[in-house]
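This is what each chain is made of:
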Amino acid sequence: QVQLVESGGGLVQAGGSLRLSCAFSGRTFSNYAMGWFRQAPGKEREFVSAISWTGSPIRYLDSVKGRFTISRDNAKNTVYLQMNSLKPEDTAVYYCAADLYGLPAMRSQNYDYWGQGTQVTVSS
């Protein structure tokens, strides 16, 4: 069974940076596309970014392009989300998800496994 554990969230001022990590275990990490989603209070979960199991292609939500960078380290079984120039509207619980042999899908239904989430709060 795949397990995903996010870390790296926290409270940061607008304009600041955070790096989220998602540690993968239980299966062969390099066979999985990995995605990041977020959910703000009172809102639906939305796609943020994803990377295919081969490392390319990569997709981003339009509002985070140029600010967020997704990457994966197959030797460490970890996917990262580097978040720069953070805005208050980025405040949400961030979740990572895994999709076996998947492309970097934007639909949450494509993903088979989910982490518990990590809170990101950006103050103005």
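This text goes with the structure placed above it.
Owing to the predicted nature of the structure, the values given are computational and were not obtained by experimental measurement.

Caption draft 1: Representation of the state of the cysteines. Across all of its chains, the model carries one disulfide by this definition. Each sulfur in the disulfide pair cysteine 22 and cysteine 96 lies 1.9 Å from the other. One quick way to see it: the torsion about the S-S bond of cysteine 22 and cysteine 96 is about 50 degrees, and its sign makes the bridge right-handed. Of this pair, cysteine 22 sits in strand E3 (residues 18-25) while cysteine 96 is found in strand E9 (residues 92-100), placing the two residues 74 residues apart along the sequence. For the residue pair cysteine 22 and cysteine 96, the accessibility class agrees, reading buried in each case.

Caption draft 2: Quick look at the nonpolar core. Core analysis: the biggest nonpolar cluster contains 27 residues, and Met34, Trp36, Leu81, Met83 and Tyr94 have the highest contact counts within it. Breaking this core down by element, the ones donating at least two residues are E3, strand E4 (32-39), strand E5 (46-51), strand E7 (68-73), strand E8 (78-83), E9 and strand E11 (118-123). Residues contacting tyrosine 94, with those up to four places away along its chain left out, are Glu6, Leu20, Trp36, Phe37, Arg38, Val48, Phe68, Leu81, Met83, Gly117, Thr118 and Val120. Counting six residues, the second-largest nonpolar core is a separate cluster that includes Phe47, Ala50, Ala105 and Tyr111.

Caption draft 3: Up close: the pattern of salt bridges. Summed over all chains, the structure comprises four salt bridges. The salt bridge partner of arginine 38 is aspartate 90, with a shortest N-O separation of 2.9 Å. A residue pair is termed long-range when its members are at least 10 positions apart, and arginine 38 in strand E4 and aspartate 90 in the loop between E8 and E9 qualify at 52 residues. Note on accessibility: arginine 38 and aspartate 90 belong to one class, buried. Each member of the salt-bridge network shares a partner with another, and the members are Arg38, Glu46, Arg67 and Asp90.

Caption draft 4: Representation of the environment of glutamate 89 in the model. Tracing the chain through its elements places glutamate 89 in the loop between E8 and E9. On the accessibility criterion, glutamate 89 (56% relative accessible area) is exposed. For glutamate 89 and serine 63, which are 26 residues apart along the polypeptide, the C-alpha to C-alpha distance reads 10.0 Å.

Caption draft 5: Structural detail: the packing of aromatic side chains. Under the defined criterion, the tally for this structure stands at eight aromatic pairs. Through a chain of ring-to-ring contacts, the aromatic side chains of Phe24, Phe29, Tyr32 and Tyr113 assemble into a single cluster. Taking the ring centre of tryptophan 114 as reference, the NZ or CZ of arginine 45 above it sits at 4.7 Å.

Caption draft 6: A look at a nonpolar patch on the surface. Judged by side-chain polarity, Trp53, Leu100 and Tyr101 come together as a nonpolar surface patch covering roughly 300 Å² of accessible area. Structurally, tyrosine 101 can be placed in the loop between E9 and strand E10 (113-114).

Caption draft 7: Expanded view of the sheet that holds strand E1 (residues 3-7). Read from one edge of the open sheet, four strands run E1-E3-E8-E7, paired in antiparallel fashion. Each of the sheet's edge strands pairs with one partner strand only, and the pair in question is E1 and E7. Adjacent strand axes in the sheet meet at a mean angle of 15 degrees when their direction is disregarded. The pairing of E7 with E8 spans six bridges and is classified as antiparallel. From the neighbouring strand, phenylalanine 68 faces E8, where its bridge partner is methionine 83.

Calculation rules
Residues numbered from 1 in each chain as written. Predicted model: local features only at pLDDT ≥ 70, side-chain atom pairs only at ≥ 80, totals over all residues. Heavy atoms only, no water. Disulfide = S-S within 2.5 Å. Helix = DSSP H or I, 4+ residues; strand = E, 2+ residues; numbered from the N terminus. Buried < 20%, exposed > 50% of the residue type's maximum accessible area, 1.4 Å probe, protein only. Core = buried A, V, L, I, M, F, W, Y, C linked by side-chain atoms within 4.5 Å. Contact = heavy atoms within 4.5 Å. Salt bridge = Lys/Arg side-chain N within 4 Å of Asp/Glu carboxyl O. Phe/Tyr/Trp six-rings, centres within 6.5 Å; stacked < 30°, edge-to-face > 60°. Lys NZ or Arg CZ within 6 Å of the ring centre and 35° of its normal. Patch = residues over 30% accessible without salt bridge, like charges linked within 9 Å, V, L, I, M, F, W, Y side chains within 5 Å. Areas by Shrake-Rupley, 256 points an atom, 1.4 Å probe, with all protein chains shown as cover. Pairing = 2+ DSSP bridges. Axes fitted to C-alpha atoms, helices over the stretch in contact; angles between N-to-C directions.

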